[in-house]
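Each chain, written out:
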Amino acid sequence: MANDGNYIVYHGLLCPKETHSFESFKYAEEIKVEDEDIFIVTYPKSGTTWMQEIVPLVLNGGDLTPVQTIPNWDRVPWLEETRAALVLDRLPSPRAMVSHMPYHLMPPSFFPSKAKVIYVTRNPKDVMVSSFHFHKMASFLDDPGTFDEFLNKFLSGQVLFGKWTDHVKSWRNSDLGDRILYITYEEMVKDLRGVLERLSRFLGRDPSEETLDRVANHCCFSNMKLNAMSNYSLVPQEIMDSSKSTFLRKGVAGDWKNHFSPEQDFKFTAVLKEEMNGTNIKFPWDE
Ligand code: A3P
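Student: What is the right way to look at the overall build of the protein in this model?
Tutor: Along its length, the protein carries 13 helices and 7 strands. For the protein, whose C-alpha radius of gyration is 18 Å, the value lies close to the compact-globule estimate of 19 Å for 287 residues. Seen along its three principal axes, the alpha-carbon backbone of the protein occupies a region of about 50 × 45 × 40 Å. Each of the 287 residues in the protein was classed as buried or not, and the buried ones make up 55%. Residue pairs in contact within the protein that sit at least 24 positions apart in sequence constitute 70% of those at least 6 positions apart.

Below is the structure:
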């Protein structure tokens, strides 16, 4: 591990110092994963906050109290962040937590456990756009530079948690069988109700139609944007400057079309295609 300005480098991956430390990674490595644990795993800006809202509601039968009273980072904490040591042990079972870790860096006790994983993937072009705006508003991250400069950093993996393709391939090639559920951000945008049904089955819950409606309604973009426990408005302005961009920014699929030039699109597509070549992984945005 090494220090690099705003970041620490963990196994070659950039992580913000504001929220991560050598101790927090050690804590994550040594955690005793329980069979009932549920991990929401994402590459940054793929819908983590959205799942931090959805999963507690699916687990508790649609009781809105936790999502209206507990900030998302304590409700569904990050495995590898510094707050984990303070809050993880106090979570009720089944514990739900989030992680940006690639598969091979999960805690050793995760692999032989029966813990489940919800892996959310998002169109990498939209991930990059979301991340670009996030870097502009978060004072603890390096300035992204121009859009073109940031695109090059993204493609070369000089961004938080490394290359998108490495992250996605690590989880898509994992041999977790029915312990892992793959969901895309795009499916959530298109049919949140359907995703909630799949998620409920995966987590062994059988919610009523009324509960599904209530959860879907609460978790829509416009409602989540108003929830102070989830929209990051509790974070001081000097750390996240909402006058530059809001954390819940647009919440759509395909915003990349408003940002990429045809040349940037061509280059991005070519690099991703090359790196995903031979994987047999198909995404809705590839069709
Ligand atoms: P945009 O910047 O494109 O709006 P993460 O939580 O992994 O950091 O991802 C953040 C992205 O998820 C942001 O994307 C944010 O707006 C989007 N998001 C969060 N909640 C959402 C919701 N309820 N509906 C749609 N998008 C949501």
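Student: Is there a simple way to think about empty space enclosed by the protein in this case?
Tutor: Leftover empty space is mapped by rolling, across the atoms, a probe with the size of a water molecule. With the rule as written, the count across this model stands at 1 cavity of 30 Å³ or more. A volume near 50 Å³ is recorded for the largest cavity. Forming the boundary of the largest cavity are Phe154, Leu155, Lys163, Trp164, Thr165, Val271, Leu272 and Glu275. The biggest single contributor to the lining of the largest cavity is helix H13 (residues 262–276), with 3 residues.

Student: Can you walk me through the site of the ligand in this structure?
Tutor: In the neighbourhood of the ligand, 18 residues make up the surrounding shell, with Thr48, Thr49, Ser130, Tyr185 and Lys250 lying closest. Here an oxygen atom of the ligand sits 3.1 Å away from a polar atom, N or O, in the main chain of glycine 47. Separating an oxygen atom of the ligand from a backbone N or O atom of glycine 251 is a distance of 2.8 Å. In the complex, the protein chains occlude 97% of the 570 Å² of accessible area that the ligand would expose alone. If you list the elements that add at least two residues to the shell around the ligand, you get helix H2 (48–59) and helix H12 (221–226). Per-element tally for the shell around the ligand: the top contributor is H2, with 3 residues. Among the residues forming the shell around the ligand, the class breakdown is 8 nonpolar, 6 polar and 4 charged.

Student: What am I meant to see in helix H7 (residues 147–156) here?
Tutor: Since one α-helical turn is 3.6 residues long, residues separated by three or four positions face the same way. Buried within H7 are the following residues: Phe147, Phe150, Leu151, Phe154 and Leu155. Looking straight down H7, one finds its buried side chains confined to an arc of 135°; they lie on one side. Those residues of H7 that are buried are in contact with helix H6 (124–137), helix H8 (164–172) and H13. Within two residues after H7, glycine 157 carries a phi angle of roughly 85°, on the positive side.

Student: What should I look at first to understand the environment of isoleucine 118 in this one?
Tutor: With respect to the helices and strands, the residue isoleucine 118 is situated in strand S6 (residues 116–121). Sequence separation between isoleucine 118 and valine 55 is 63 residues; the distance between their C-alpha atoms is 9.5 Å. The residues touching isoleucine 118, leaving out its near neighbours within four places in the chain, are Ile38, Phe39, Ile40, Val41, Met51, Val55, Leu181, Ile183, Leu199, Phe202 and Leu203.

Student: Whenever I open this one, the layout of surface pockets confuses me. Can you help?
Tutor: Taken as a whole, the second largest pocket holds about 580 Å³ of empty space. Lining the second largest pocket we find 24 residues, and of these Thr269, Leu272, Lys273, Trp285 and Asp286 sit closest to its centre. Sorting the residues of the lining of the second largest pocket by element identifies H6 and H13 as the ones contributing at least two each. When residues of the lining of the second largest pocket are assigned to their parent elements, the largest contribution, 5 residues, is made by H13. Class assignment of the residues belonging to the lining of the second largest pocket gives a composition of 10 nonpolar, 7 polar and 7 charged.

Student: Please clarify how the pattern of salt bridges should be interpreted in this entry.
Tutor: Two side chains carrying opposite charge are able to pair once their charged atoms lie near each other. With the rule as written, the count across this model stands at 15 salt bridges. Between glutamate 30 and lysine 26 there is a salt bridge, with its nearest N and O atoms 2.9 Å apart. Taken together, the residues span about one helical turn, with glutamate 30 and lysine 26 both in helix H1 (residues 22–30) at a distance of 4 residues. Judged by relative accessible area, which is 55%, glutamate 30 ranks as exposed. Classification of lysine 26 as partly exposed rests on a relative accessible area of 47%. The partner of aspartate 241 in a salt bridge is lysine 244, with the nearest N and O atoms 4.0 Å apart. Here aspartate 241 falls in the buried class, since its relative accessible area comes to 17%. We classify lysine 244 as exposed; its relative accessible area is 57%. Connected through shared salt-bridge partners, Arg193, Glu197, Glu209 and Asp213 make up one network.

So, how was this worked out
- Numbering of residues starts from 1 in every chain and runs along the sequence as written.
- In keeping with the model being predicted, local features are shown solely for residues with a pLDDT of at least 70 and side-chain atom pairs are shown and tallied solely at 80 or more, while totals for entire chains, interfaces and linings include all residues.
- Hydrogens and water molecules were not included; the side-chain quantities draw on all heavy atoms of the structure.
- Counting from the N terminus, the helices are the DSSP runs of H or I reaching at least four residues and the strands are the DSSP runs of E reaching at least two.
- Every radius of gyration here is taken over C-alpha atoms, with the globule rule written as 2.2 Å times N^0.38, N being the number of residues.
- A simple rule labels every residue: compare its accessible area, found with a 1.4 Å probe on the protein chains alone, to the largest value its type can have, and call it buried under 20%, exposed over 50%, or partly exposed in between.
- The contact criterion used throughout is that any non-hydrogen atoms of two residues lie within 4.5 Å.
- For each structure, a 1 Å grid was placed over the protein atoms alone; sets of points admitting a 1.4 Å probe that cannot get out are labelled cavities, open sets with protein on both sides within 12 Å along at least five of seven lines are labelled pockets, and lining residues have an atom within 4 Å of a point.
- Grid points are joined across faces, edges and corners, and a volume is the space filled by probe spheres set on the points.
- Residues are counted as near a molecule or strand when any one of their heavy atoms sits within 4 Å of it.
- Polar contact criterion, stated in full: a pair of N or O atoms within 3.5 Å, where within protein one must be able to donate a hydrogen and the other to accept it, and residues adjacent in sequence count only if both atoms are side-chain atoms.
- To be clear on the numbers: accessible area is Shrake-Rupley with a 1.4 Å probe, and residue cover counts the displayed protein chains and nothing else.
- Each residue receives one of three labels: charged for Asp, Glu, Lys and Arg, nonpolar for Ala, Val, Leu, Ile, Met, Phe, Trp, Tyr, Cys and Pro, and polar for the others, Gly being one of them.
- The reported arc concerns the directions from the helix axis to the C-beta atoms and nothing else.
- Salt bridge criterion: a side-chain nitrogen from Lys or Arg within 4 Å of a carboxyl oxygen from Asp or Glu.

Just distances and angles here, no functional claims.
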